[in-house]
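# Commentary on secondary and tertiary structure
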Amino acid sequence: MKLFVSEGNPHCLKVLAALEVCGVQCDVQYVNHEEKVVPFLSRPALPALLLPSGQHLFSSNAICRYLFEVNGQDSSELCNQWLEWEATELQPALLEALHITVVQGKGSEVPKVLQGPLNYLDQSLSKGNTTYLTGKAVSVADVVLWAALYPILSDSSLALGECKCVKTWFDRGAVMHSFQSAAQKVLQGKGLQGMKSFMQRQPAPRSSQCRDTQQCNSNPAEGDEGERVVSEAEMEAAALTWSKGLNIGPSTIDRQHPILPQEGKRNLLVTSALPYVNNVPHLGNIIGCVLSADVFSRYGRLREWNMLFVCGTDEYGTATENKAREEGLTPQQICDKYHAIHSSIYKWFQIDFDYFGRTTTEKQTEIAQDIFWRLHKHDFLVEDTVEQLRCESCQRFLADRFVEGICPHCTYPEARGDQCDKCGRLINAVELREPQCKVCRQTPVIRSSKHLFLDLPKLETQLEQWLDKSTSTGDWTANAKQITRSWLRDGLKPRCITRDLKWGTPVPHPDFKEKVFYVWFDAPIGYLSITANYTDKWEKWWKNPDEVELYNFMAKDNVPFHSVVFPCSLLGAQDNYTLVGHLVATEYLNYEDTKFSKSRGVGVFGDMAKDTNIPSDVWRFYLLYVRPEGQDSAFSWADMATKNNSELLNNLGNFINRAGMFVTKFFDGCVPVMELQQEDKKLLALVGWELQQYIQLMDKVKIRDALKHILNISRHGNQYIQVNEPWKKIKGEDAERLRAGTVTGVSVNIACLLSVMLFPYMPTVSQTIRDQLNAPLSIISTMLQGNGTFVCALSAGHRVGTVSPLFQKLEMDQIEALKKRFGGQQPEDEPPKKKTTAQKAASTQSAAVPAPATATAAAAAEVAPVNGVDPEKAKQLTQAVAEQGDKVRALKTQKADKAVITAEVTKLLDLKKQLALAEGKSPEPAPQKGKKK
C-alpha cells in the first residue's frame, strides 16, 4: 500500500494518525497540494491510498476505517454514525473555522462557528458515560474526531468555551505519541499557520448561517464542485483574448424611440404579465413578472439584440369594480390612482420598460373588438346559456370575484367565485357551497344568462401544431410546458368570453350589448393595445411572426391563459399575429412561513420596500437570488441579511473595493503594468469560463442560476488576492512590486467585467462601479459579445476615479425590527411613550409604514368641520389605522377566534373615530353600501 499526503492538509492529519495508531505497514509519500495522484479524477484529491489491488481510496474517513479494518478492528454501527456526523456536521463547521482564523485572521469568530457541534459532542460524551466515543477502547471514530479537532483545540489562543467532557476526551488523545507524531508531520510545528498555504488554495466555505438558511432558498445550481481544472490550452487562449483589448464602439444602453424591428437583427418583443390595477403589487408579483422581464431585457440590450419591453396595468374587470366599491370611487378613479402607484413602485425598483401603459384605452377597444369580429367571421364563437349567481338584493348578476363561499374541493371557507386561494383550483361560482354576495352578504340565487364562448375544441388541432413547434424551438420553462399539456390532455372546452359587468371593453355584438369582454379574453390583448399606444407601427411587432420573437414572463398561475386561451384567440383571428415563442413562468415566492395575499395584506408590498432604507438594488439582488425558477422559494428577512452580508458585502463588494483601493493606494490611482504568469492566465481562464456559463444561462433565461457565476468570479478574485498578498509584495524588491502590480491590474479588470455582468441585476451598483473605475463605455459592447470576451479593458496607465464601498451591512437588530414591522400582526401592547396633551388620544402602537392614502367616499358625504384639528396627531393616527387594519386582516387570514377579531375590529373603529376628530370631521362614519357585520 502507498499513502499520498501533503503538508498542511488537515485531512492528512487524520490518516497519518490512524496509520500510527494501527501500526499498519504502508509507504508514505509526500506530494504538493496540486498533484493528481488518483488517475481518474480531474482534480487533486489528497489524502489518497493506493491499495494492493490497484484501486484508490481518497476519502480521509474511508482510509481511516480501512486501516482499522486491516488491523482487525471493524467499525460498529455507533462508530459509523460518528463518522457520518463528522463528515456532514463537524467538517463543514471546521473548514469554516479554519478559513476564518487561518486565512482571514479572525480567530475571535471561531467559537461562534463551532459552538453547535462542540456542544453536541460534549452532551453526547456526558450522556454516554464512557471513556471514548464508542466504549472503553479507542475506535476509528475517536481517531478521526481527535485529528479533525486537533488544530483548533490545541491552539490555546482560541477561547472555545466550557465543554468539559470534550476537553477531557480530547486530552486523552492529544498526549498520545501517534497524534503528536502525525501533527508534527502535517503542521511542521507551526500550529494553525502550518495550514495557511493549503487553506488559501481552498474555495471559501459556505457560512454556517448560509447553510442553515439554504434549504429552498439555495441556488439549485450551487454545489461543492471544487475548483475547475484548467488546461494549458485554455490558459493560453484566455491570455490571447485578454490581450486583444476593447472594441471601439458606442454604449448599447442608450436607445432611440420608437423601437421597431430591424431586418438582419434579432428582434425580441418582451412582455410581463399585466399586473392588476386594483392593488399594490407585492414582492412575489414583482419577481414573478416585471423584475424577471427587466433583467432579461437589460441583458438583451447588452447583447445588442433589438429589444422592445412593454407592460401596463390590467384595468378592466370585477376586481376593479370591487375595489371601487370598497374605496367609494368610480372604477376610472381607481384605475388612475393605482396606475400611478404601480408606475411609482416599478420606477423605484428600476424596471426599465420601453413603455408602461394601461388597458383602459381606445386602442384596447378597437383591437379587442377587431379580434372579436374576426373570430365571429371565422365561426370560432358559440352562444350558450350559463347558470350564474344573481343577487336579488343588489339586482345584478354577480361576477366571480363578487362571490365568496366554501370551496367544493378543499372546503376552504373563503374561496372566491373563480378560484380557491388555498388549493388553487379553478371554480365555477355556482359550485360554491353557502355562497354569499361580497357586497351585501346576502345569499344569491342561480339564474340563467346568455353568453358567448370561444370554441377552443375547434381550434385545438391548430393550437397543438403550433405548440409542438413553439415548445421544441423556444425556451419554455418546464412548468409552462407541463401546465399547458395538462390542459390539452383533458381536452379543451369552450371558454366564456363575456361577462355581466359594466366596467370592461364593450361587446360590439347587438345581441350582447349589455355585456363586456371577460378579462382573460380582453387582458392579453392589452399587450397589443399598449404597443399600439407606444407606436402607430405596432403591427410591425405583433403581425410579424417571421422576424419577431415574443417572450412572455409570468407566474405559473397565468400560464394557461398565455399558452392556450390567448394563442387560440389570435390563431382564430387569422391575421398573421406574432405568437409566443418563449414562455417563462416562475413558481411562487412565499413570505417567510406563509403566502403573500394581495387581498388580505400579508407580506411586503412594493410601496413598503422603499421605506426600509434598503437600496432597491439590494432588493433586486435578493429577489433574483431566491427567484423561484424550479420550485417555490421564500422571502426571509434573516436570509436577506445573510445574503447581503456574505455575498454582497464580504464577497462581491469586498473584492471590487480592494481591487480599486490597491490602485489608488499603491499606484497613485493609475492601473499598473501587468506581466502575466501562469497563475494569472489560469485565473483569466477561470473567469472566462464563468462568463461563458453566465451567457449560456442568461440566453436560456436561467436568471437565478446565472447570478451564481457572477459571485463565483468575485470569489475567484478574492482568493487570488489573498494568496498573492499584493499589500506585502508592494513593499518588496522590484520583482515583487511588479507582481503586486500585475495582481492589482488583473483584479481591477475583473471588477470592470463584473460591472457589466451585474448591470441586468443591479443597474445602480453597476454604474457606480464603472464610475469609480472610470471605465470606458466600450466595455459594454465588448464583454458580452459572442460566447463572452474577457479582455483587458483598463490598460496600464488608466486612471481610476474615487473608490468607495458599494454595500452596507444589514445588522440583525435592524432586520428583526423590519420583520416585526412587516409581520402581518403587530404586538397587542407596546410600551406607552410620553405624550403631549394633544396626543393622548393617539394609539400607543408603533408606527407602521403608511398605506397609500385612500380617497374619501367620492365627496358623497360632506362633513362639517369641528374644533380640535391636529395635523400631527392625524398623521400618527393614519399610521395607526393602517397598522390596525393590517392586524385585523392577518387575524382573519389566520382564522383567529371570532372574539379576538371582534375586539381588534372595535379598536380599528375607535382609531378611525379618533382620526376623524383629529382631521376636524365628524366621528360618525359616512353611510357605506353593503358592508354588514
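## Here's the deal with the overall build of the chain
In terms of helices and strands, the chain carries 32 helices and 20 strands. Counting over 933 residues, the chain shows a buried share of 55%. Once local pairs closer than 6 in sequence are excluded, the contacts in the chain between residues at least 24 apart make up 77%. Carbon and sulfur atoms make up 49% of the accessible area of the chain, which totals about 40,900 Å².

## A word on the packing of aromatic side chains
Under the defined criterion, the tally for this structure stands at 35 aromatic pairs. Site record: aromatic cluster; members linked through ring pairs are F296, Y299, W305, Y551, F553 and Y694. The side chain of R172 reaches across the aromatic face of Y132, ending 6.0 Å from its centre. The ring of F759 has R298 lying over it, and the distance from NZ or CZ to the ring centre is 5.2 Å.

## Overview of the pairing of strand β17 (residues 548–555)
Within a regular strand, side chains alternate between the sheet's two faces. Extensive coverage of β17 is indicated by the burial of seven of its eight residues. By the bridge criterion, six bridges tie strand β5 (residues 267–272) to β17 in an arrangement that is parallel. Note on β17: the bridge partner recorded for T271 is N552. Direction of pairing for β17 relative to strand β18 (residues 580–586): parallel, over a ladder of six bridges. Bridging from a neighbouring strand, Y551 pairs with H582 of β18.

## Regarding the packing of helix α23 (residues 637–666) against helix α25 (residues 703–724)
At a minimum axis separation of 9 Å, α23 and α25 run at an interaxial angle of 55 degrees. One element, α23, and the other, α25, form an angle in the oblique class. α23 and α25 meet at a crossing whose hand is left-handed. Here E647, N650, N651, L652, N654, F655, R658 and F662 of α23 come into contact with α25, specifically with I710, L711, S714, R715, G717, N718, I721 and Q722. Taken together, the residues of the contact of α23 with α25 sort by class into six nonpolar, seven polar and three charged.

## Focus on the nonpolar core
In terms of nonpolar packing, the biggest core is built from 179 residues, with F296, I371, W619, W637, Y694 and Y761 touching the most fellow members. For this core, the leading source of residues is helix α27 (residues 734–758), giving 12 residues. What W619 contacts, discounting residues up to four positions off in sequence, is L283, W348, F349, V604, A609, T612, I614, F635, W637 and M640.

## Overview of the pattern of salt bridges
Counted under the stated rule, the structure contains 42 salt bridges. A salt bridge links K185 to E20, with the shortest nitrogen-to-oxygen separation between them at 3.0 Å. Taken together, the positions of K185 in helix α7 (residues 177–187) and E20 in helix α1 (residues 10–22) put the pair 165 residues apart, joining distant regions of the chain. Of the residues examined, E20 reaches a relative accessible area of 28% and is grouped as partly exposed.

## Focus on empty space enclosed by the protein
Considering all chains together, one arrives at five cavities of 30 Å³ or more under this definition. If you go around the second largest cavity, the residues you meet are P10, H11, K14, Q91, L94, L98, A147, A148 and P151. Looking at the lining of the second largest cavity, the elements that each hand over two or more residues are α1, α3 (77–103) and α5 (140–153). Residue classes in the lining of the second largest cavity are distributed as six nonpolar, two polar and one charged.

## Re the pairing of strand β13 (residues 445–454)
Note: strand β8 (residues 381–391) against β13, 10 bridges, orientation antiparallel. Each bridged residue has a counterpart across the sheet, and for V386 the counterpart in β13 is S449. Relative to strand β14 (residues 495–496), β13 is paired through two bridges, and the arrangement is antiparallel. Residue pairing for β14: L454 is matched across the bridge by R495.

Cut-off values and rules
- Counting from 1, residues in each chain are numbered in the order their sequence is written.
- At least 70 in pLDDT is required for a residue's local features to be given in this predicted model, at least 80 for side-chain atom pairs to be given and counted, and no such filter applies to totals for whole chains, interfaces and linings, which use all residues.
- Hydrogens are left out, water is left out, and the side-chain values use all remaining heavy atoms of the structure.
- A run of H or I in DSSP becomes a helix once it reaches four residues, and a run of E becomes a strand once it reaches two; helices and strands are each numbered from the N terminus.
- For the exposure calls, accessible area comes from a 1.4 Å probe over protein chains only, and a residue counts as buried if that area is under 20% of its type's maximum, exposed if over 50%, partly exposed in between.
- Note on contacts: a residue pair is in contact if any heavy atoms of the two residues lie within 4.5 Å.
- Computed with a 1.4 Å probe, the accessible areas rest on the Shrake-Rupley method; for each residue, only the protein chains presented here act as cover.
- In this scheme Phe, Tyr and Trp rings, the latter by its six-membered ring, pair at centre separations within 6.5 Å, and the angle between planes marks the pair as stacked below 30 degrees, edge-to-face above 60, and tilted otherwise.
- The criterion for a charge sitting over a ring is simple: Lys NZ or Arg CZ within 6 Å of the ring centre, and within 35 degrees of the ring normal.
- Any two strands are treated as partners once DSSP identifies two or more bridges connecting them.
- Whenever a helix is involved, its axis is fitted only over the stretch in contact; in every case the axis is a line through C-alpha atoms, and angles between N-to-C directions fall within 0 to 180 degrees.
- An angle counts as roughly parallel when it lies under 35 degrees, as roughly antiparallel when it exceeds 145, as roughly perpendicular when it falls between 65 and 115, and as oblique in every other case.
- Crossings are sorted by hand: turned counterclockwise from the far helix by less than a right angle, the near helix makes the crossing left-handed, and turned clockwise it makes it right-handed.
- Think of it as three bins: nonpolar holds Ala, Val, Leu, Ile, Met, Phe, Trp, Tyr, Cys and Pro, charged holds Asp, Glu, Lys and Arg, and polar takes everything else, Gly as well.
- We call a set of buried Ala, Val, Leu, Ile, Met, Phe, Trp, Tyr and Cys residues a nonpolar core when their side-chain atoms join them within 4.5 Å.
- Here a salt bridge means any side-chain nitrogen of Lys or Arg lying within 4 Å of a carboxyl oxygen belonging to Asp or Glu.
- Put simply, the grid is 1 Å and covers the protein atoms alone, a cavity is a trapped set of points that fit a 1.4 Å probe, a pocket is an open set with protein on both sides within 12 Å along at least five of seven lines, and lining residues have an atom within 4 Å of a point.
- Grid points are joined across faces, edges and corners, and a volume is the space filled by probe spheres set on the points.

Interpretation note: all reported values are geometric properties and have no functional meaning in isolation.
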